[in-house]
Structures are given as structure tokens and as C-alpha cells.
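The residues making up each chain are set out below.
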Amino acid sequence: MTDQRDPHAIAALLAADRRHAWHPYASALNPPPVYPVASARGVRLQLADGRELLDGMSSWWAAIHGYNHPVLNRAVSAQLGRMSHMMFGGLTNEPAVELCALLAAITPGELERVFLCDSGSVAVEVAIKMALQYWQARGQPGRNRLLTLAGGYHGDTFMAMSVCDPVTGMHHLFRDVLPRQLFAPRPGCGFGQPARAADIAAFEALLAQHRDAIAAVILEPIVQGAGGMHFYSADYLRRVRALCDAHGVLLIADEIATGFGRTGKLFACEHAGIAPDILCLGKALTGGYLSLAATLTSGHVAGIVCSGEAGALMHGPTFMGNPLACAVALASTRLLLSQPWQREIARLEAALRAGLAPAALLPGVREVRVLGAIGVIEMEQEVAMGPITERFLAEGVWIRPFGRLVYTMPPFIMRNDEVARLTHGMIAALEKYLSHPAGEEAR
Ligand SMILES: *Cc1c(COP(=O)(O)O)cnc(C)c1O
């Protein structure tokens, strides 16, 4: 496959990008470098200049089946021939209904009512709105705060930001407008460890002290993603569930990053054998094809929400239930379930463990940890994005670190020899970066 573009066209594209496009968390005054991708297939990205990269990011947890998958392509094309979009107010469509039914069937517990929306952050907003309307309907509108864990990430809209980690999140910038939420310390007990009474004591105390003001606990089960890539004890999560029950507080599980097999279970709550009252899904929902998210709850919670003053859940995005996105979400989820995905994730876990182990010996590495198809190298110091990205590209891998975290969550279809190449490339790049952090040219 030759997708190589003419260098003048690439330069023009980059110039227009610098002038007009605003990238995530990026300056418009001094934009960081970006690399044009011409196409992608399987686990490989083809840059416009002809370079090929092994994809270690799945486009932020999303592209679990890799890129340009024939089954997903067919699902989109077939739906495109029928209709790409149709309003969901007063009308319905088959892909949306089938998706809701499928999600209700495969998610833990009795989550049977599905609210479709456009992005993960909106799914979190909807989850919180459900919790607030639930307590309004029960005549306790004072229960309107959220209890969460430090080190979390729940999205970039305002209510979602209010429950992101207070230090690494954006609380400081927006402190005058963000609602003040309650934060328990990040769980100290790692994945596979028991949670002792002391591990949960601070959470328990906050919950007991503020129970009459708390609408819900919101957390990422087992894996805290963009807030620090921490893996914590299933036992801790079980205790949270029990405490929420004891205090009559709703539990919102944000599985936007962990859902659809990434941690080795279809949903991370299953590690603890618990079900939340409200569940948020996104990212891998469409296999990375289109923006779609979902908020699920039980018939019980939905019933109470709708018995309140408004008589309805007061939300309704324009592109709700988009048939194109729902068709590819259905195809992606069915594709996942039709395969021995548990075996594949276990295979990836073993390959990542073996491949990343040597990183633990590098100076400046604090910890290497792997769970499911997630591999993390935690550094002592923040890494400089520009120079380290150049090192990864030179090794032919696409890795996008943040802060002190160099991590990978490859597409599930990545073969063992490719994982070996990916992890070898990560470590080689890191080694070169560590010996010359500012890059070759600075020597
Ligand atoms: C990415 C993410 C979100 C936000 O999703 P967007 O689609 O980026 O709005 C929320 N929660 C978690 C756990 C996430 O990983």
C-alpha cells in the first residue's frame, strides 16, 4: 500500500493545521508538532510521508478491532445506504433499539434502560443528571453532591470536570464555577490485593459524614485511566458497593475506558462481581469508528427519575440514537462477543508483561504494571512530549504518553510478535530519551 503524499501537499496541510486546527489540550499560539495520518489498517497507521507505525494507543482505548475492519466497514456502508441519521424524538430506528437491547443484556446486574448520547463526557453528565433527578423525585433535593476518588478522570465538560482529580484535573482553572465535590483518597490497595478496613476508612468516613448531601458515588471501576493509570483492588470496589447500599447512595460506574474487555472482563465491575446503579459506556463502544456513548440504569432508578416533577429524564442530544453510530456499535460489540476475546486479552496481557518487564530495569522508571490489554510504564519524572514522540516515531511505534506515564492499550487484534515489536520499540525509545532527553540535536 503506497499512500505517500507529495511533500508540498504535506507542508500545506501542516501549515493549514497550524493556522486553523486546535488540537486536544494544545496551544493555538505555539502548536505542538502533529503528524498527518494518510490511512490506517489493522494495527498500523500510515503517515502521509510514507512511514508506518505500530499503533499502541487504539486511538485512546477505542479501536479495539484495529482500523479499517471489513466487518465494521460493511456495517457502516450498509447503514449509510438506508439512512445516516434520523432524529430520536418521536422516531426510532432498528440499530439504536437493537444496540440498547444488546447493551442491557451484556452489562452487569439489572441495567435495562439505555440512554444513548454523543460522547463519554455527555454520558457522565447524563449519569449525574439521572442521580440528581432521582433524589429530587424522592423528595431529597439536598442530596446533590458527588463522592469520588482522587486520581479519577471523567471527562472535560463542567460537571464531569468537577469529579476529575483535583490536582491533575482542571479544578484550579475553573474553581469559581465548578461545583465542589467530595474526594476520597486514591485506593492504596493494588489490583489482586485485599482491601483492609484501613484502605476504605477515609471513603467510609466521608460517605457517613455527608450521606444526606450525597446523590451518588462516581468512580472508574478497577482502572483509573487518564487520571493516572492506577489499577486497584476488586475488594475495594466490593466494599464501595456495600457502603453505597448501606447508606442508600447511588453508585455510578464510569466504564468509558474499561468497558468491552480491556481489563480482561467484559466490564471491569465484573472483577468485583458487582453491578452499579448507573453505568457509563463510550470509547470502544463503536470500535473507534464514530462518537457514541451510553448511560444505562435499572428499571427501578429510571422509574423513580420519571416519577418526579418533570416526569422524564431531562436530556436529549440532537444526534441521539444516530443510526450510523449505532449500526457500527452493534457490529463491533457482536464481533467482540463472537470471538474468544477472554483468551485474546489473556494472551495480550502475557505478551505485554513479558515485553514491558525489561523497562523496570531502566533508571528513572518507578513501576511497570500490566492488567488485561493495558501496559503502563510509570516514570519518576514527567516526560517531554516532543522529544519522546520523535523517539517513538524513530522506532516505528505510536505511543502518546502523558505526565509521568508511558502506556499502551493496543488493539485486541495485535499479534504476539507485533506486541514484542511494540514493547521493544517503547523501551528502546525510552532508553534513548533517558540518555539524551532533549534529543539528538541537543548533543
Ligand atoms: C475518555 C473518558 C471520558 C470522556 O469521554 P469523551 O468521549 O472524551 O468525552 C470519561 N470517562 C472516562 C473514564 C474516560 O476514559
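In this text the structure is predicted, and so the values were computed from the model without any measurement.

Reading the values: rules and limits
- Residues numbered from 1 in each chain as written.
- Predicted model: local features only at pLDDT ≥ 70, side-chain atom pairs only at ≥ 80, totals over all residues.
- Heavy atoms only, no water.
- Near = heavy atom within 4 Å.
- Polar contact = N/O pair within 3.5 Å; in protein donor to acceptor, adjacent residues only side chain to side chain.
- Areas by Shrake-Rupley, 256 points an atom, 1.4 Å probe, with all protein chains shown as cover.
- Nonpolar A, V, L, I, M, F, W, Y, C, P; charged D, E, K, R; others polar.
- Pairing = 2+ DSSP bridges.
- Helix = DSSP H or I, 4+ residues; strand = E, 2+ residues; numbered from the N terminus.
- Buried < 20%, exposed > 50% of the residue type's maximum accessible area, 1.4 Å probe, protein only.
- Phe/Tyr/Trp six-rings, centres within 6.5 Å; stacked < 30°, edge-to-face > 60°.

1. Section: the site of the ligand
Thought 1: What surrounds the ligand is the set Ser119, Gly120, Ser121, Tyr153, His154, Gly155, Glu220, Asp254, Ile256, Ala257 and Lys283.
Thought 2: Taking Ser121, its side chain carries an N or O atom lying 2.6 Å from an oxygen atom of the ligand.
Thought 3: Side-chain polar atom of Lys283 to an oxygen atom of the ligand: 2.6 Å apart, as the coordinates give it.
Thought 4: Protein coverage of the free-state accessible area of the ligand, which is 380 Å², stands at 83%.
Thought 5: For the shell around the ligand, the residue count by class is three nonpolar, five polar and three charged.

2. Looking at the pairing of strand 1 (residues 37–41)
Thought 1: Where strand 1 and strand 2 (residues 44–47) come together, four bridges link them in antiparallel fashion. Bridged to Arg41 within strand 2 is Arg44.
Thought 2: Linkage of strand 1 to strand 2, two consecutive antiparallel strands, is achieved through a turn of two residues, within which Gly42 is found at a positive phi near 60°.

3. Quick word on the side chain of Thr408
Thought 1: Within the secondary structure, Thr408 is located in strand 16 (residues 405–408).
Thought 2: According to the relative accessible area criterion, Thr408 is buried, its value standing at 0%.

4. Description of the packing of aromatic side chains
Thought 1: This structure, assessed with the given rule, holds six aromatic pairs.
Thought 2: Arranged with centres 5.5 Å apart and planes meeting at 65°, the rings of Phe260 and Phe267 form a pair that is edge-to-face.
Thought 3: Looking at Phe260, the relative accessible area reads 2%, which means it is buried.
Thought 4: Note on Phe267: relative accessible area 0%, which makes it buried.

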